[in-house]
Amino acid sequence: MSITKQFGFLFVTPSQSTTVSPLVSSESSSTLTLTNFPEMMDGRVKTLHPRIHGGLLGRRGIDDAQMADHGIQPIDLVVVNLYPFEETVAKGAEYAEVIENIDIGGPALIRATAKNHAFTTIVIDPQQYQSVMVDMDAHKGCTSPELRQNLAATAYALIQRPRSSDSSDVLS
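Enquirer: Break down the overall build of the protein chain for me, citing the residues and quoting the values.
Expert: Helices and strands together make up the secondary structure of the protein chain, namely 10 helices and 4 strands. Across the protein chain, helices and strands are ordered from the amino to the carboxyl terminus as α-β-β-α-α-α-β-α-α-α-β-α-α-α. For the protein chain, the proportion of its 172 residues judged to be buried stands at 40%. Across the protein chain, contacts joining residues at least 24 apart in sequence account for 53% of those joining residues at least 6 apart.

Enquirer: Before we move on, can you summarise a nonpolar patch on the surface with the specific residues and values?
Expert: A cluster of nonpolar residues, Leu48, Ile102 and Ile104, forms a patch on the protein surface that exposes about 240 Å² of accessible area. Along the chain, Ile102 falls in the loop between helix 6 (95-100) and helix 7 (105-115).

Enquirer: Talk me through the packing of helix 7 against helix 9 (residues 145-160); I want residue IDs and the actual numbers.
Expert: Where helix 7 contacts helix 9, the axes come no closer than 9 Å and their chain directions differ by 145°. Here helix 7 and helix 9 pass one another in a crossing that is left-handed. Residues Pro107, Ile110, Arg111, Ala114 and Lys115 of helix 7 pack against Ala152, Ala155, Tyr156, Leu158, Ile159 and Gln160 of helix 9.

Enquirer: Go over the packing of helix 3 (residues 50-57) against helix 7, please, and point to the residues and values.
Expert: Between helix 3 and helix 7, the shortest axis-to-axis distance is 8 Å and the interhelical angle comes to 30°. Taken as axis vectors, helix 3 and helix 7 run roughly parallel relative to one another. Here Ile52, His53, Leu56 and Leu57 of helix 3 come into contact with helix 7, specifically with Ala108, Leu109, Ala112, Thr113 and Lys115. For the contact of helix 3 with helix 7, a count of residues per class yields 6 nonpolar, 2 polar and 1 charged.

Enquirer: Talk me through the side chain of Ser144; I want residue IDs and the actual numbers.
Expert: Mapped onto the elements of the fold, Ser144 is located in the loop between helix 8 (129-138) and helix 9. Look at Ser144 and you get buried, because its relative accessible area is 6%. If we ignore the near neighbours within four places in the chain, the residues touching Ser144 are Asp135 and His139.

Enquirer: Can you lay out the environment of Leu48 for me, pointing to particular residues and giving the numbers?
Expert: With respect to the element layout, Leu48 can be found in the loop between helix 2 (32-35) and helix 3. Along the chain, Leu48 and Ala108 lie 60 residues apart, while their C-alpha atoms are 7.9 Å from each other. When neighbours within four sequence positions are excluded, Leu48 is seen to be in contact with His53, Ile104, Gly105 and Ala108.

Conventions used here
Residues numbered from 1 in each chain as written. Predicted model: local features only at pLDDT ≥ 70, side-chain atom pairs only at ≥ 80, totals over all residues. Heavy atoms only, no water. Helix = DSSP H or I, 4+ residues; strand = E, 2+ residues; numbered from the N terminus. Buried < 20%, exposed > 50% of the residue type's maximum accessible area, 1.4 Å probe, protein only. Contact = heavy atoms within 4.5 Å. Patch = residues over 30% accessible without salt bridge, like charges linked within 9 Å, V, L, I, M, F, W, Y side chains within 5 Å. Areas by Shrake-Rupley, 256 points an atom, 1.4 Å probe, with all protein chains shown as cover. Salt bridge = Lys/Arg side-chain N within 4 Å of Asp/Glu carboxyl O. Axes fitted to C-alpha atoms, helices over the stretch in contact; angles between N-to-C directions. Left-handed = near helix turned anticlockwise from the far one by under 90°. Parallel < 35°, antiparallel > 145°, perpendicular 65-115°, else oblique. Nonpolar A, V, L, I, M, F, W, Y, C, P; charged D, E, K, R; others polar.

Written out as structure tokens, the structure is:
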């Protein structure tokens with residue numbers, strides 16, 4: 001069973017074409033639901049919005065009033081699948097395709113969620129789905145502080161790891 005059905009989560013995707021994670025049912029809303037602002041610039045701007053990042057970075061019990069003043073809802077769980085930049089480079093794609101596979105929003109979501117792991121959960125790898133589901137089941141729809149910290153550390157490691165020299169050569 002998905003977390004959206006089991007725990008009543010609202011699942012929000014960057015666009016209606018987004019592949020839905022097995023963690024959630026196929027029912028989803030677009031970021032327009034949260035931001036009241038459409039995806040724009042051929043999909044280059046989807047998730048870079050104060051209502052999204054405020055929802056990720058808001059500290060429960062500290063930022064509640066400010067979040068309410070700006071219509072920001074807390075976000076508890078983020079699943080990010082980064083654009084396949086290195087794979088796109090490796091297959092010898094044209095320069096324009098390589099450029100469009102530089103992910104901006106994904107790393108920003110990962111960093112924001114991992115920074116606020118005291119309150120939010122970041123999932124960056126399909127191999128993490130099962131442990132997240134088990135932990136949520138054990139904690140009545142929440143994740144444990146230990147799991148959030150472990151997932152945040154894994155997320156930081158992904159974002160901080162050096163990119164291949166072949167990838168950087170493409171842009172020089």
